[in-house]
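Now for the letters of each chain:
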Amino acid sequence: MQLDALAEMLVHWLAQVRHPAQFWPQFETLAAEILDQCEPAEREQAHACIQAMLKHHALELPAWHQRDDRLPPRTPEA
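Everything numeric in this text was worked out from a predicted model, so none of it was measured.

Trainee: Would you mind going over the nonpolar core in detail, with residue names and values included?
Mentor: Grouped together as the largest cluster of nonpolar side chains are 14 residues, with contacts concentrated most on Leu6, Phe23, Phe27 and Ile50. Those elements that provide at least two residues to this core are helix H1 (2-16), helix H2 (20-37) and helix H3 (40-56). It is H2 that provides the largest number of residues to this core, a total of 6 residues.

Written out as structure tokens, the structure reads:
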């Protein structure tokens, strides 16, 4: 459900965003939250769905926004 919602939001963001610098941080944050909630076995499929969503809109995550999904989710430092 979250991936579907992200895909729907992507259409609206692309129509309204004035500069890619406004888009990528928001998109990456939401995509990261989805990936962080996935079980390790689900991450590869979720990542593939996100990549397909971007490819559908002829977008590609900039190299500096790529995540290493082999790592466990980030935890806040106490």
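Trainee: Outline H3, supporting the account with residue identities and numerical values.
Mentor: Over its 17 residues, H3 extends 25 Å from the first C-alpha to the last, a length consistent with the 24 Å expected when each residue adds 1.5 Å. Within H3, burial applies to Arg43, Ala46, Ile50, Met53 and Leu54. Taken end-on, H3 shows its buried residues confined to a sector of 95°, consistent with a single buried face. Opposite the packed face of H3, turned more than 90 degrees from it, sit the exposed residues Ala41, Glu44, Gln45, Lys55 and His56.

Trainee: How would you summarise H1 if you had to cite specific residues and measurements?
Mentor: In this model H1 runs 21 Å from its N-terminal to its C-terminal C-alpha over 15 residues, within 8% of the 21 Å that 1.5 Å per residue would give. Among the residues making up H1, those that are buried are Leu6, Leu10 and Trp13.

Trainee: Mind laying out the packing of aromatic side chains, listing which residues take part and the relevant values?
Mentor: Counted by the stated rule, this structure contains 1 aromatic pair. Arranged with centres 6.3 Å apart and planes meeting at 80°, the rings of Trp13 and Phe27 form a pair that is edge-to-face. Placement of Trp13 in helix H1 and of Phe27 in helix H2 is noted, with a sequence separation of 14 residues between them. Of the residues examined, Trp13 reaches a relative accessible area of 18% and is grouped as buried. A residue is classified by how much of its surface remains accessible, and Phe27, at 0% relative accessible area, is buried.

Trainee: Talk me through the packing of H1 against H3; I want residue IDs and the actual numbers.
Mentor: Where H1 contacts H3, the two axes come as close as 11 Å, and the packing angle between them is 15°. Between H1 and H3, the interaxial angle falls into the category roughly parallel. Crossing of H1 against H3: the hand is right-handed. Across the interface between the two elements, Leu3, Leu6, Ala7 and Leu10 from H1 touch Ala46, Cys49, Ile50 and Met53 from H3. Taken together, the residues of the contact of H1 with H3 break down into 8 nonpolar, no polar and no charged.

Parameters and conventions
Residues numbered from 1 in each chain as written. Predicted model: local features only at pLDDT ≥ 70, side-chain atom pairs only at ≥ 80, totals over all residues. Heavy atoms only, no water. Core = buried A, V, L, I, M, F, W, Y, C linked by side-chain atoms within 4.5 Å. Buried < 20%, exposed > 50% of the residue type's maximum accessible area, 1.4 Å probe, protein only. Helix = DSSP H or I, 4+ residues; strand = E, 2+ residues; numbered from the N terminus. Expected span 1.5 Å × (residues − 1). Arc of directions from axis to C-beta. Phe/Tyr/Trp six-rings, centres within 6.5 Å; stacked < 30°, edge-to-face > 60°. Axes fitted to C-alpha atoms, helices over the stretch in contact; angles between N-to-C directions. Parallel < 35°, antiparallel > 145°, perpendicular 65-115°, else oblique. Left-handed = near helix turned anticlockwise from the far one by under 90°. Contact = heavy atoms within 4.5 Å. Nonpolar A, V, L, I, M, F, W, Y, C, P; charged D, E, K, R; others polar.

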